[in-house]
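Architecture and fold: a report
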Amino acid sequence: MTDSVRQEKEIFGHPIGLFVLFFTELWERFSYYGMRALLVLYVATSATAVDPGLGWSNGDAIWLYGWYTMLVYVASIPGGILADKVLGQKKTVMLGGFLLCAGHLVLAIPTSWAFFTGLGLIILGVGGLKPNISTMVGGLYKEGDIRRDSGFTIFYIGINIGAFLSSIIVGLVAYKYGWHYGFGLAGIGMLIGQAVFIAGQKHLKHVGNYIGSADSGVDKAVMNNPLTKIEKDRVIVLLISFLIVIVFWGAFEQAGGLMNLYTDAKVDRVIGLSWLEEIPAAVFQSLNAGYIIIFGTVIGGFWLWWKRKGKESSSLFKMAIGTIIMGLGYVFMMFASKEASAVEFGKAAMIWVFLAYLFHTIGELCTSPVSLSFITKLAPVKYASIMMGIYFAATGFGNKLAGSIGEAAQLESYSGKMTANMEQIYNFTKKDSIEVKKLVGGEKVISKVFAYPINEDKNFSIRAKVYLEGDNVVFNEYEKGTNLNSLFDLTKVDAGDKKPEEIKEAQEKKKEELEGLKTYLKDNNATKDAPHHVALKFEKDADKAQILENKGDGKDYGVSFVIEEAQSEQEYKIFTFLTIFTVAFGLLLILFLKKLKKLTHGAEDNEGTVNEEAEGFELADN
């Protein structure tokens with residue numbers, strides 16, 4: 001970094017500025033990971049639920065998650081350019097913080113326009129803050145200062161404290177009080193982080209300034225010097241290492257998408273406490289950060305011991321090993337899938353999720369912090385923030401890959417229209433205590449009524465056996481065996497305001513869908529004695545549900561389902577693919593390790609064995 005770092009007051013042997021950045025990033029990660037834990041669940045929650053979501057399908061929710069998380073990190077490229085070419089790192093972090101505050105708080109407004117506006121502001125905010133604040137940590141120390149490595153360790157532990165707390169606190173708040181209270185709490189966290197950064201400016205006077213300014217400590221001529229042959233080779237190996245980053249996060253970032261949905265739907269989360277019947281799925285997002293806090297120093301100590309024994313311990317080797325270990329974590333999700341599919345409508349034990357996240361975290365500790373350290377060793381000074389931005393962009397592309405893989409795990413639902421009246425539905429559902437929203441004194445309050453779900457326009461599901469009898473698809477109620485075919489029609493479409501040709505096209509599509517279902521059942525020998533299984537989900541049209549005159553009329557319900565056996569098989573295939581692909585990629589990297597190390601021109605060869613690099617540990621993105 002710079003040799004002009006001036007003497008500052010210290011806490012625990014480190015500049016006070018470190019702890020300003022520590023708490024800034026702690027609260028920024030609190031806000032980001034709190035929001036991330038809710039994102040897919042909110043988008044996939046029914047628009048007619050007690051606390052309504054957007055009502056998207058699981059596949060569409062993961063699609064949005066993939067694009068959002070990709071754009072969050074791709075925005076780091078213009079964020080890095082803005083810092084290197086115009087504002088400097090400190091001012092860009094400040095700008096990013098303001099955008100993040102605005103984005104998180106807009107998310108707390110319960111409207112669709114606010115949701116997408118908030119996501120857009122967060123994308124811009126992370127792009128400005130993320131690639132620059134980490135670089136500022138290094139700028140607190142003189143070149144060769146042995147405290148720099150431990151400073152990064154302290155910084156990243158703070159990050160994981162924020163991520164750990166947010167997944168639990170924000171997840172529970174959203175579960176108890178509603179999605180937008182959870183989003184609002186995440187926004188409050190970002191406000192605190194921004195306040196800390198502003199208040200601590202006096203301790204950051206000589207850090208993160210625009211290169212060439214009086215306080216930067218770097219000769220402006222550096223910006224005009226061409227890259228040397230060694231610098232060019234090192235940039236090449238950095239770009240190759242970013243391919244590893246894409247693969248790693250493509251598998252790892254199933255945490256917020258596929259694994260989040262799988263935990264919600266197919267993991268037994270019941271603990272039976274009086275105040276908490278079951279653990280909210282979003283809370284499981286805290287496992288990664290919790291494991292990092294517990295095992296971070298252990299993994300760091302292992303690599304120190306490993307190098308002292310003269311073993312291979314280059315950054316590229318660590319990244320390869322980390323990718324392999326992370327991939328092996330999906331073996332436990334394969335076990336979970338097998339356990340859940342062993343019985344009809346079964347669920348897996350929580351232990352598999354705990355073990356999967358443990359291996360994912362160990363893999364991350366071997367890969368993620370090493371990647372960040374690798375950039376600081378090899379990136380030319382004039383492109384420091386830009387290379388960091390490209391690294392985060394690679395992380396973003398990994399997130400998009402994760403979204404695409406997660407989408408592939410979600411089968412497209414078969415769908416139709418409910419044709420039964422309310423009295424027929426009563427035979428297959430039961431009265432229960434239902435939470436409903438009512439206006440009391442002009443405010444929405446949640447109260448409970450004892451009624452059939454259809455009386456309150458609520459969604460309901462009926463478990464069924466499905467098989468092919470001649471050329472007919474037969475649905476029988478799972479426990480009693482009562483025929484359900486009279487409840488819905490898989491070929492019916494809404495005419496609405498559609499033109500005749502549009503109606504005909506929709507009908508043809510529904511017929512093709514039904515033929516596809518018949519083909520599946522025939523190919524898989526689904527008979528009365530060996531049926532497959534479905535959970536028929538009945539959901540009222542979201543727009544019709546908002547009309548008070550329609551309340552409780554029992555009309556305008558659609559039905560959708562996937563074949564449970566097919567969905568379980570697809571999930572198992574995806575977990576198997578993730579295991580094989582990541583392990584194979586890690587082994588391939590080891591195979592070409594020597595050739596890649598030559599391009600670094602000995603950047604890591606002179607590292608000692610006493611004051612080893614105490615690499616930092618960050619959750620999910622560094």
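Scroll up to find the structure.
To start, this report covers the structure provided alongside it. Source: prediction; values computed, not measured.

Section: the sheet that holds strand E10 (residues 557–561)
Read across the sheet, six strands follow the order E7-E6-E9-E10-E3-E8 without closing on themselves; strand pairing throughout is antiparallel. Looking at the sheet topology across the chains shown, the edges are occupied by strand E7 (472–477) and strand E8 (488–489). Strand direction decides the pairing type here: strand E3 (residues 414–418) and E8, joined by two bridges, are antiparallel. Residue pairing across strands places Met418 opposite Phe488, the latter belonging to E8. Along the sheet face, helix H16 (residues 500–523) touches E3, strand E6 (460–469), E7, strand E9 (532–540) and E10 and points at about 120° away from the line of E3.

Looking at the packing of aromatic side chains
As enumerated under the stated definition, the model contains 40 aromatic pairs in all. Ring centres of Tyr73 and Phe392 lie 6.2 Å apart, and the angle between their planes is 15°; on these two criteria the pair is classed as stacked. In this pair, Tyr73 is assigned in helix H2 (residues 58–74) and Phe392 in helix H14 (residues 384–408), connecting sequence segments 319 residues apart. For Phe392, a relative accessible area of 0% translates into the label buried. Taken together, a centroid distance of 5.5 Å and an interplanar angle of 75° make the contact between Phe475 and Phe561 edge-to-face. Here Phe475, found in strand E7, pairs with Phe561, found in strand E10; they are 86 residues apart in sequence, far enough to count as distant.

A look at a nonpolar patch on the surface
On the surface, Trp63, Trp67 and Leu71 cluster together into a nonpolar patch covering about 280 Å² of accessible area. The topology assignment puts Trp67 in helix H2.

Focus on the pattern of salt bridges
Two side chains with opposite charge may pair up if their charged atoms get near one another. One pass over the structure, following the stated rule, counts 14 salt bridges. The partner of Glu312 in a salt bridge is Lys597, with the nearest N and O atoms 3.2 Å apart. Here Lys597 lies in helix H19 (residues 593–598) and Glu312 lies in the loop between helix H10 (286–308) and helix H11 (315–328), a separation of 285 residues in the sequence. Put simply, Glu456 and Lys551 hold a salt bridge, and the shortest N to O gap is 3.0 Å. Placement of Glu456 in the loop between strand E5 (443–451) and E6 and of Lys551 in the loop between helix H17 (542–545) and E10 is noted, with a sequence separation of 95 residues between them. For Lys551, a relative accessible area of 45% corresponds to the partly exposed category. Salt bridges linked by common partners bring Asp264, Arg269 and Glu278 together as one network.

Procedures and definitions
- Residues numbered from 1 in each chain as written.
- Predicted model: local features only at pLDDT ≥ 70, side-chain atom pairs only at ≥ 80, totals over all residues.
- Heavy atoms only, no water.
- Pairing = 2+ DSSP bridges.
- Helix = DSSP H or I, 4+ residues; strand = E, 2+ residues; numbered from the N terminus.
- Contact = heavy atoms within 4.5 Å.
- Axes fitted to C-alpha atoms, helices over the stretch in contact; angles between N-to-C directions.
- Phe/Tyr/Trp six-rings, centres within 6.5 Å; stacked < 30°, edge-to-face > 60°.
- Buried < 20%, exposed > 50% of the residue type's maximum accessible area, 1.4 Å probe, protein only.
- Patch = residues over 30% accessible without salt bridge, like charges linked within 9 Å, V, L, I, M, F, W, Y side chains within 5 Å.
- Areas by Shrake-Rupley, 256 points an atom, 1.4 Å probe, with all protein chains shown as cover.
- Salt bridge = Lys/Arg side-chain N within 4 Å of Asp/Glu carboxyl O.

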